[in-house]
Amino acid sequence: MPSRADFEKMNARVAEAVALCEAAQERFEQIHAEMLKTFHDGHQPPRRVSNQEDEARTRLFEARLELSKQLRARRRFASADD
């Protein structure tokens, strides 16, 4: 039977994953806005910005996967308590 401390650790991991997702989402939105501004100004964004957007999109995807993994683990953990 899982202990209360174990469940709190799971909750902390989920909270960390949520924070990671939020940070990754914010970074992606900043870079994407920079790209859109460049496009609206009639210019092609520098390759560096395009690469940053690709990297930010990848980090966001990875953060969402981690969050999903932690939520699944917490659900399994909670159901073991039943």
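Residues numbered from 1 in each chain as written. Predicted model: local features only at pLDDT ≥ 70, side-chain atom pairs only at ≥ 80, totals over all residues. Heavy atoms only, no water.

1. Section: the overall build of the chain
(1) Moving on: A tally of helices and strands in the chain yields two helices and zero strands.
(2) Moving on: The C-alpha radius of gyration of the chain comes to 18 Å, more than 25% above the 12 Å expected for a compact globule of 82 residues.
(3) Moving on: Across its three principal directions, the C-alpha atoms of the chain cover 60 × 15 × 15 Å.
(4) Moving on: Expressed as a percentage of its 82 residues, the buried residues of the chain come to 23%.
(5) Moving on: Summarising the internal contacts of the chain: among those between residues at least 6 apart in sequence, 75% fall at separations of at least 24.
(6) Moving on: For the chain, the accessible surface area stands at approximately 6000 Å², while carbon and sulfur atoms represent 54% of it. (Helix = DSSP H or I, 4+ residues; strand = E, 2+ residues; numbered from the N terminus. Rg over C-alpha atoms; globule rule 2.2 N^0.38 Å. Buried < 20%, exposed > 50% of the residue type's maximum accessible area, 1.4 Å probe, protein only. Contact = heavy atoms within 4.5 Å. Areas by Shrake-Rupley, 256 points an atom, 1.4 Å probe, with all protein chains shown as cover.)

2. Comments concerning the nonpolar core
(1) Moving on: Membership of the largest hydrophobic core is limited to twelve residues, which are Val14, Ala17, Cys21, Ala24, Phe28, Ile31, Met35, Val49, Ala56, Leu60, Ala63 and Leu67.
(2) Moving on: Elements with a minimum of two residues in this core: helix H1 (4–40) and helix H2 (47–81).
(3) Moving on: Counting residues per element, this core draws most heavily on H1, which supplies seven residues.
(4) Moving on: Those residues within four positions of alanine 24 in sequence are excluded, and the remaining contacts are Arg59, Leu60 and Ala63. (Core = buried A, V, L, I, M, F, W, Y, C linked by side-chain atoms within 4.5 Å.)

3. As for the pattern of salt bridges
(1) Moving on: Following the criterion strictly, the structure yields six salt bridges and no others.
(2) Moving on: Here glutamate 8 makes a salt bridge to arginine 4, at a shortest N to O gap of 3.0 Å. Here glutamate 8 and its partner arginine 4 are both found in helix H1, four residues apart, which amounts to about one turn of the helix.
(3) Moving on: In this structure glutamate 8 comes out as partly exposed when scored by relative accessible area, which is 38%.
(4) Moving on: Residue arginine 4 is classed as exposed on the basis of its relative accessible area, which comes to 59%. (Salt bridge = Lys/Arg side-chain N within 4 Å of Asp/Glu carboxyl O.)

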